[in-house]
Amino acid sequence: MLDTLTFLLEKLFLLAHIKLSSLLPPLGVECAEPPPTSKCCDREDSPPQPASASHRFQRGDLLEVPRTLFTHFGIYLGDDRVAHLIPDILPALNADSRQIEEMVTNTRLLVGVIAKRASVRVDSVEDFAYGAGILLNAMDHSVRKSPLAGEEVALRAERLVGTVAYSLLWNNCEHFVTYCRYGTAQSLQTDKFCEWLKLLIRDQRNAMLTALLGLLSMAYMGISVSTALPAFLIPFTLWMAS
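Basis of the calculations
Residues numbered from 1 in each chain as written. Predicted model: local features only at pLDDT ≥ 70, side-chain atom pairs only at ≥ 80, totals over all residues. Heavy atoms only, no water. Salt bridge = Lys/Arg side-chain N within 4 Å of Asp/Glu carboxyl O. Helix = DSSP H or I, 4+ residues; strand = E, 2+ residues; numbered from the N terminus. Buried < 20%, exposed > 50% of the residue type's maximum accessible area, 1.4 Å probe, protein only. Pairing = 2+ DSSP bridges. Phe/Tyr/Trp six-rings, centres within 6.5 Å; stacked < 30°, edge-to-face > 60°. Lys NZ or Arg CZ within 6 Å of the ring centre and 35° of its normal. UniProt positions renumbered as here; feature names shortened; annotations may be inferred. Contact = heavy atoms within 4.5 Å.

If you look the chain up in an unreviewed UniProt entry, it shows as Lecithin retinol acyltransferase-like from Neolamprologus brichardi.

As structure tokens, then:
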């Protein structure tokens, strides 16, 4: 049951699009004294750097780019190389290293998300950026912990290169870079999504809407255990959680 719930949450996380979290009220509304380091707006202070500006990056820097639906993260290793965790199904299907080393396509990525397979791989800055601008160490303004020394950050990333398990909620590219740079794996994107989901659950109107949909499903499909049980349990759970 827990595995099923986790699976559904991960798929909701994928479909909801992380940037829906921008619809949330500022965290300062709920926290009387927000920590001074939680300045998400500071990400706009430094303009994105083009991939061609890799000569400005230092070993151990945290690179951040918008890619597909999510923000993607990596650790700069020097010499125009970036280590990053990315969903990829190909290593599980093919042992040909030359094909695996090719740039991960969207199809490989999406199937990797569903199959929960990923790898920490090293790509050029240009391939990592995928045409987007690069934010440099922007997360330093949002994470409470101070970054580790650059060499230690890069060594941590290099030690993790290879195939890894993947979870959209619990082990994604942001967990990888925060572990390497700050010593603790966390995902601000996941935290924001969970906050959005909590607000969604707390809204009692969702319980009423779910109950109405349950009644309509019973009217259309007939009353049976498979229709009546979800029609009762899901609205009841949402109501008690609200």
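Before going further, it helps to spend a moment on the pattern of salt bridges. Evaluation of the coordinates by the stated rule reveals 7 salt bridges. The partner of Arg108 in a salt bridge is Asp88, with the nearest N and O atoms 2.6 Å apart. With Arg108 in helix α4 (residues 106-115) and Asp88 in the loop between β3 (81-87) and α2 (90-93), this residue pair connects regions lying 20 residues apart in the sequence. Of the two residues examined, Arg108 and Asp88, each falls in the buried class. The residue Arg121 makes a salt bridge to Asp123 at a minimum N-O spacing of 2.8 Å. Considered together, Arg121 and Asp123 belong to a single accessibility category, that of buried residues. Within the structure, one salt-bridge network assembled from shared partners comprises Arg59, Glu151 and Glu158.

Of the pairings in the sheet, the one linking β3 to strand β4 (residues 117-124) comprises 7 bridges and is antiparallel in character. Directly across from Pro87, in β4, lies its bridge partner Ala118. Here 4 bridges tie β4 to strand β6 (residues 162-165), and the two strands are oriented antiparallel to one another. Directly across from Val120, in β6, lies its bridge partner Gly162.

Attention now moves to the packing of aromatic side chains. Under the counting rule described, the total for this entry stands at 1 aromatic pair. Between Phe57 and Tyr76 the ring centres are 5.5 Å apart and the planes differ by 75°, which places this aromatic pair in the edge-to-face class. Here the residue Phe57 occupies a position in the loop between α1 (2-16) and β1 (62-67), and Tyr76 occupies one in strand β2 (residues 70-78), the gap between them amounting to 19 residues. For Phe57, a relative accessible area of 5% corresponds to the buried category. Between Arg156 and the ring centre of Tyr179, over which it is positioned, the NZ or CZ distance is 4.6 Å.

Next up on the list: the UniProt feature "active site" (unreviewed entry) in the chain. What UniProt calls "active site" (unreviewed entry) maps, in this numbering, to Cys173. Within the element layout of this structure, Cys173 appears in helix α7 (residues 173-182). Taking the relative accessible area as the measure of exposure, Cys173 reaches 9% and is therefore buried. Apart from the residues lying within four places of it in its own chain, the contact partners of Cys173 are Thr71, His72, Phe73 and Leu85.

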